[in-house]
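Survey of secondary and tertiary structure
Residues per chain are reported as follows:
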Amino acid sequence: MSTTPSGSAEPAPPGTVRCQNCGRLNRLPTAAEGRPRCGNCHQWLPWIVDAGDDTFAETAEQSSIPVLVDMWATWCGPCRMVSPVLAQLAQERAGNLKLVKVDVDASPRLSQRFGIQAVPTLMVLIDGHVAARQAGAAPAPALRRWLDQALPTNPANHNPAAPDGKAAR
Ligand SMILES: [Zn+2]
């Protein structure tokens, strides 16, 4: 018997997300195929997960929807400014975008592989390929524009020269 109203100010525990539509707390998959939906009202949920050296492939590269990768560090002030903006963008594009956060200090192999020289470094991954990349923090409107240009909802910018004509879908 719970008398507590669904306090929306209460932060969602790790691995879960609160549905913006009905307030229900949902468990979030990290590497599942498909896209998470609210178990109660079936709205798309913002998909924000952490990844590292060992989980990046299944979490980000094999994602069925475009991925926004946030390479960040705990000591990085601009990262803390950008983080809520990215969460907002993921919320706006729920069902069409997965936000994957990578702590560069905990993920030396990824840092080396992508040649990370500044944090935050943001990347858009589509089918495992880097479609866009942005080093350093930027104001919210600039990030939104950058992201929109990189996402395939803008056909003019999506993969203009498909390498070997593989029919994807
Ligand atoms: Zn819901």
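Everything that follows concerns the structure shown earlier in this document.
Cut-offs applied
- Residues numbered from 1 in each chain as written.
- Predicted model: local features only at pLDDT ≥ 70, side-chain atom pairs only at ≥ 80, totals over all residues.
- Helix = DSSP H or I, 4+ residues; strand = E, 2+ residues; numbered from the N terminus.
- Buried ≥ 20, exposed ≤ 12 C-beta atoms within 10 Å, placed from the backbone.
- Core = buried A, V, L, I, M, F, W, Y, C linked by C-beta atoms within 7 Å.
- Contact = placed C-beta atoms within 7 Å.
- Pairing = 2+ DSSP bridges.
- Axes fitted to C-alpha atoms, helices over the stretch in contact; angles between N-to-C directions.

Section: unusual backbone geometry
- Look at the link from V119 to P120: it is a cis peptide, with omega at -5 degrees.
- Even without a glycine there, the phi angle at H42 is positive, about 65 degrees.
- Within the fold, H42 resides in the loop between β2 (25–27) and β3 (47–51).
- Despite not being glycine, D127 has its phi angle at roughly 55 degrees, a positive value.
- Examined against the element boundaries, D127 turns out to sit in the loop between β6 (121–126) and β7 (129–135).
- Accessibility expressed as a C-beta count within 10 Å gives 16 for D127, which makes it partly exposed.

Remarks on the nonpolar core
- With 35 residues, the main nonpolar core has L68, V69, A90, L99, V100 and V102 as its most contacted residues.
- Of the residues forming this core, the biggest block, five residues, is contributed by strand β4 (residues 67–72).
- Beyond its immediate chain neighbours, meaning those up to four positions away, V69 contacts A60, V100, V102, L122, M123 and L125.

Side note on the sheet that holds strand β5 (residues 98–103)
- The strand order β3-β5-β4-β6-β7 describes an open sheet built from five strands, whose pairing is mixed. Two strands bound the open sheet, and with one partner strand each, they are β3 and β7. Each strand axis lies, on average, 20 degrees off the axis of its neighbour in the sheet, ignoring direction.
- Pairing analysis gives six bridges linking β6 to β7, with the strands arranged antiparallel. Pairing of I126 across the sheet is with H129, part of β7.
- Across the sheet, helix α2 (residues 77–92) is in contact with β3, β4 and β5; its angle to β4 comes to roughly 165 degrees.
- Contacts between helix α4 (residues 140–150) and the sheet are confined to β4, β6 and β7, with β7 contributing the most and set at about 165 degrees to the helix.

Concerning the pairing of β6
- For β6, the buried fraction is high: five of the six residues fall into the buried class.
- Here β4 pairs with β6 via five bridges, running antiparallel. Pairing of D70 across the sheet is with L122, part of β6.
- Connecting β6 to the antiparallel partner β7 that follows it, the hairpin turn spans two residues, and D127 within it adopts a positive phi of roughly 55 degrees.

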